Amino acid sequence: MPAFHVLIPARFASTRLPGKPLADIAGKPMVLRVVERARRSGACQVWVATDHPGVFEAVTRAGGQALMTRADHPSGTDRLAEAVERLGWADDEIVVNVQGDEPLIDPTLIGAVAGALAADRDAAIATAAHPLSDPAELFNPNVVKVVCNAAGQAMYFSRAPIPWARDAFAVDRSRLPPGLPVLRHIGLYAYRVAFLRRYAGLAVSPLEHFEALEQLRAMWHGYRIQVLQVDKAPLAGVDSPDDLERVRRLFDQAGTVE
């Protein structure tokens with residue numbers, strides 16, 4: 001496994017779940033549950049980058065590493081760019097962005113995405129995807145799809161149904177034709193530090209604007225994204241109060257989640 005760091009952007013404000021990083025899960029704030037999972041990934045260092053003193057205090061009080069970042073970042077990637085600059089990491093180092101609302105994240109997947117980036121010297125970013133079998137998900141704009149080339153690098157990400165089976169879908173859209181390479185994107189990213197340092201200076205692309213997918217900014221400017229294919233979807237993160245209750249039940253039933 002290559003050497004890599006984990007950065008966890010933890011923004012306090014959330015439209016659907018205010019104060020989300022500090023939401024209690026089995027006696028600990030959610031952000032600490034994410035830190036625990038990230039530590040099991042094999043990362044050299046795990047840092048939380050936050051805009052809220054309460055999150056900073058919760059992490060450092062528990063013995064974790066955290067730093068305060070500006071509150072006006074438009075995305076988690078911008079927050080990471082500030083963090084790597086302040087931490088002084090070298091351009092060729094690898095950083096995995098683990099979202100602060102993923103208390104069920106698979107530690108093995110974190111390391112695997114870092115490994116996928118290390119193995120592709122042409123890529124600035126690596127991410128993950130899994131095959132789709134449900135046609136309803138293919139046609140759901142909230143499900144992000146990715147199409148890859150023969151080398152496993154992303155050709156395009158979209159909320160639209162890609163790839164489009166022209167002949168099969170002209171007859172029946174209730175099922176996917178055998179062999180159609182439909183991949184659902186998993187929002188886990190590994191970056192080379194050099195890319196993060198350049199990211200803030202990249203202009204927003206029209207594709208990113210209309211699709212509302214920030215990875216399209218990188219592709220618009222010529223950066224390559226390696227896509228690690230895994231067999232199935234990871235356990236879902238926390239976007240809403242219902243999600244939070246689901247995760248709490250899992251921890252209450254098992255004490256922890258493997």
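Sequence positions are assigned chain by chain, starting from 1 and proceeding in written order. In keeping with the predicted nature of the model, local features appear solely for residues at pLDDT of at least 70, side-chain atom pairs appear and are counted solely at 80 or more, and the whole-chain, interface and lining totals rest on all residues. No hydrogens and no water enter the side-chain calculation; it runs on all heavy atoms of the structure.

Trainee: How do you make sense of the overall build of the protein chain when you look at a structure like this?
Mentor: For the purposes of this entry, the term helix denotes a DSSP run of H or I that reaches at least four residues, the term strand denotes a run of E that reaches at least two, and both are numbered from the N terminus. The helix and strand inventory of the protein chain stands at 10 helices and 11 strands. Throughout, the radius of gyration refers to the C-alpha atoms, and the reference size of a globule is 2.2 Å times the residue count to the power 0.38. Relative to the compact-globule value of 18 Å for 258 residues, the protein chain shows a C-alpha radius of gyration of 18 Å, a close match. Its C-alpha atoms give the protein chain principal-axis dimensions of roughly 60 × 45 × 35 Å. The buried share among the 258 residues of the protein chain stands at 50%. Pairs of residues are marked as contacts when any of their non-hydrogen atoms sit within 4.5 Å. Considering only residue pairs separated by 6 or more positions, the protein chain has 68% of its internal contacts joining residues 24 or more positions apart. Element-wise, carbon and sulfur atoms account for 52% of the exposed surface of the protein chain, whose accessible area totals about 12200 Å². Charge assignment in this entry is limited to Lys and Arg as positive and Asp and Glu as negative, and neither His nor the chain termini are counted. Just so you know, the charge point we use is NZ for Lys, CZ for Arg, CG for Asp and CD for Glu. Across the protein chain, the centroid of the 28 positively charged side chains sits 0 Å from that of the 30 negatively charged ones. The rule is simple: take the accessible area with a 1.4 Å probe, protein chains only, and divide by the maximum for that residue type; under 20% is buried, over 50% is exposed, in between is partly exposed. Each accessible area is a Shrake-Rupley estimate made with a 1.4 Å probe; only the visible protein chains count as cover when residues are assessed.

Trainee: Sorry, what's going on with the layout of surface pockets here?
Mentor: Unfilled space is identified by rolling a water-sized probe across the atoms. The space that makes up the largest pocket amounts to roughly 1600 Å³. As for the largest pocket, its lining consists of 49 residues, of which Q99, D101, E102, G187 and D239 are closest to the centre. Elements supplying a minimum of two residues to the lining of the largest pocket: strand 1 (5–10), helix 3 (76–87), strand 10 (183–192) and helix 10 (241–254). Considering each element in turn, the lining of the largest pocket owes the most residues, seven residues, to strand 10. Definitions used for this entry: grid spacing 1 Å over protein atoms alone; cavity, a set of points where a 1.4 Å probe fits but cannot get out; pocket, an open set with protein on both sides within 12 Å along at least 5 of 7 lines; lining residue, one with an atom within 4 Å of a point. Grid points are joined across faces, edges and corners, and a volume is the space filled by probe spheres set on the points.

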